[in-house]
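Structural characterization, general
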Amino acid sequence: MTRLIIGAMVRAIGANPSGWRVTGAHRDPRGDAAALRHAAKVAEAARLDYLFFGDWLATGHDLEFRDPYLVARIDPLSAITYLAGVTERIGLIATANTGYADPYALARATASIDLLSGGRAGLNLATGSEPRAAGNHGRDFAVVNASRYDRAAEFDHVLRRLWDSFEDDAIVADVASGVFLDPSKLHPTDFRGQFLSVDGPLNVARPVQGHLPIVHAGTSPRSRLFAAQHADLALVAVSDLEHAVAIREELRSLAFESGRDDRTLKVIAPVLPIVGETREHAQSIADELSELVQIAEDWPDGPPQAFPANRSLAQLSTLVGLDLSGLSPDRAVTPAFLGEFSAVGQELVEIVAERTGRSPHGERPPTLRHLVVAASVSASIIVGTAHDIAAEFEAWGDAGAVDGFNVLSAIQPAQLDAFALGVVPELQRRGVFPTEYEGHTLRDSLGLERPANVHVGNDDSALATLSRRP
């Protein structure tokens, strides 16, 4: 029986492109403070291990259709600082991009949050590069993109040296002698690398956790190598259980080859469960979400310029092997129509049937819109009751596929509430998730030991070269 790590990936207006359109959904970023407080209260009452806040360093009209939650959002460090004051036990993980962040400023902010929250902060080191983000930071996109993993390796090294500037007992505060600081236990950073140069020491005491748990998300070989060498949690999107098992084994092997205890690397999969009181109810929620997604053919004169190219009947035509131009997006897929589809098209129909209950052979056949959505909206979706979803989570844990899940909610707050109030108690009943918090820090919840100070060990200056793979 595997103890699963369960966190909530918070997207204030929902993780599905049409989630904000559902009745009762939060849809105004100006009201995010109340939405985040509610999410934190519900997640902490359910004893979730952490709240996770991703980031995107630009905005634009295209995001309205592709990922509306990215259009306007609270800065992650601000979000976890705010929630540290209204929560007591749940972990709080923020994202920072190593291509643009300043390591001293980030070390100072995160050490401060960890101290103020009693050891509940975590840090997701993102390496993604995007032209608009580079422009917003006055950087050359090509330069940032080419060197992003090498810079990230230096960044991680510098962060740890900065966090460890003070030894745990460096502050003496002896009133009788008048000695406040033992100067021998305050260490300079003294780092000179290819991309970063930091003097130090940091002017914040060592974090409660020593080092904040480091998270890294990505699927490329280089990203997986970075996670294996530097991260405590590796967030990796997977297509199925077999793929997940292979990825976890690869990550653990890379961690071992890098000289670390591979058991300290936790592999977490993002998942979007749609929870209903019955399976039919859950499928009706998934069905509504699909019907509310706009596709290119909804505009008679053509979609807006920034509309996603893959959300169209033209793109679907290439998948099903059939020219669909001129057809209505709401054209039903009947058995006769299905017979003309390619193998890929028939597979899409099966995915839609599993998620929405719609079948070409039933009273409610799927439409072309359903197929476009299934092909273009990228997410690992599980649709069912609390029992169904808990059973799937347990099976993945027992198979050694993952150490846990980052749970996204298609509709806020309804689907986070449904997961916390339905799925979590079922996981607890199965013995794969605790009923109370274990320990007091995020490291405690993740089963991670507090690291030694890098300045006190035998080798406090070596920076392992980030090896390259073919």
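About the criteria used
Residues numbered from 1 in each chain as written. Predicted model: local features only at pLDDT ≥ 70, side-chain atom pairs only at ≥ 80, totals over all residues. Heavy atoms only, no water. Core = buried A, V, L, I, M, F, W, Y, C linked by side-chain atoms within 4.5 Å. Buried < 20%, exposed > 50% of the residue type's maximum accessible area, 1.4 Å probe, protein only. Contact = heavy atoms within 4.5 Å. Domains from an automatic or database assignment. Buried area = accessible area lost by both parts, 1.4 Å probe. Salt bridge = Lys/Arg side-chain N within 4 Å of Asp/Glu carboxyl O. Polar contact = N/O pair within 3.5 Å; in protein donor to acceptor, adjacent residues only side chain to side chain. Helix = DSSP H or I, 4+ residues; strand = E, 2+ residues; numbered from the N terminus. Nonpolar A, V, L, I, M, F, W, Y, C, P; charged D, E, K, R; others polar. UniProt positions renumbered as here; feature names shortened; annotations may be inferred. Pairing = 2+ DSSP bridges. Right-handed = clockwise from strand over helix to strand, strands pointing away. Axes fitted to C-alpha atoms, helices over the stretch in contact; angles between N-to-C directions. Parallel < 35°, antiparallel > 145°, perpendicular 65-115°, else oblique.

**A word on the nonpolar core**
Within the largest apolar cluster, 80 residues are counted, with the highest numbers of intra-cluster contacts made by Ile6, Leu48, Leu51, Phe393 and Phe405. Residues within four places of Ile6 in sequence aside, it is in contact with Leu48, Asp49, Tyr50, Phe393, Phe405, Val407, Phe419, Leu427 and Phe433. Core analysis: the next-biggest nonpolar cluster, separate from the first, contains 25 residues, Ala15, Ala25, Ala282 and Leu408 among them.

**Some points on the domain arrangement of the chain**
Taken domain by domain, the chain comprises domain 1 (5-166 + 189-274 + 383-455) and domain 2 (294-376). Distance between the C-alpha centres of domain 1 and domain 2: 34 Å. Each partner contributes to the interface: domain 1 provides seven residues, whereas domain 2 provides eight residues. Taking both partners together, domain 1 and domain 2 bury about 600 Å²; carbon and sulfur atoms supply 68% of that area. For the domain 1 face of the interface with domain 2, the top three residues by lost area are Asp62, Phe65 and Val383, together amounting to 67%. Across the contact surface, domain 1 and domain 2 share zero salt bridges. At the boundary of domain 1 and domain 2, one finds one residue pair in polar contact (both at pLDDT 80 or more). The leading source of residues in the side of domain 1 that touches domain 2 is helix 2 (residues 61-66), at four residues. Each residue belonging to the side of domain 1 that touches domain 2 can be placed in one class, and the counts come to three nonpolar, one polar and three charged.

**Section: the UniProt feature "domain: Luciferase-like" (unreviewed entry) in the chain**
Within the UniProt annotation, "domain: Luciferase-like" (unreviewed entry) is assigned to residues 27-401. The annotated region residues 27-401 carries 43% helix and 13% strand content, and the separation between its end C-alpha atoms amounts to 35 Å.

**Comments concerning the pattern of salt bridges**
Going through the model one piece at a time under the given rule, you end up with 28 salt bridges. With a shortest N-O distance of 3.0 Å, Glu250 and Arg224 are connected by a salt bridge. Pair noted here: Glu250 is in helix 9 (residues 241-257) and Arg224 is in helix 8 (residues 221-230), with a separation of 26 residues, a long-range link. Accessibility expressed as a relative area gives 13% for Arg224, which makes it buried. Notably, a salt bridge pairs Asp330 with Arg369, separated by 3.1 Å at the nearest N-O pair. With Asp330 in the loop between helix 11 (313-320) and helix 12 (335-338) and Arg369 in helix 14 (residues 368-376), this residue pair connects regions lying 39 residues apart in the sequence.

**Regarding the side chain of Ser117**
Looking at where Ser117 falls in the secondary structure, it is placed in helix 4 (residues 103-117). Judged by relative accessible area, Ser117 falls into the buried class, the value being 8%.

**Digging into the pairing of strand 9 (residues 214-217)**
Remember that side chains alternate between the two faces of the sheet whenever the strand is regular. In this sheet, strand 9 lies alongside strand 4 (residues 121-126) in parallel orientation, the contact comprising two bridges. The partner of Asn124 across the bridge, within strand 9, is Val215. Pairing between strand 9 and strand 10 (residues 233-235): three bridges, direction parallel. Residue Val215 lies in a different strand from strand 10, and its bridge partner there is Leu233. With respect to chirality, the unit in which strand 9 leads through helix 8 into the neighbouring parallel strand 10 is right-handed.

**A few points about the packing of helix 11 against helix 13 (residues 343-356)**
Closest axis-to-axis distance for the helix 11/helix 13 pair is 6 Å, and the angle between their directions is 115 degrees. By the angle between their axes, helix 11 is roughly perpendicular relative to helix 13. In contact with Leu316, Leu319 and Val320 of helix 11, helix 13 contributes Val344, Gly345 and Leu348. Class assignment for the residues of the contact of helix 11 with helix 13 results in five nonpolar, one polar and no charged.

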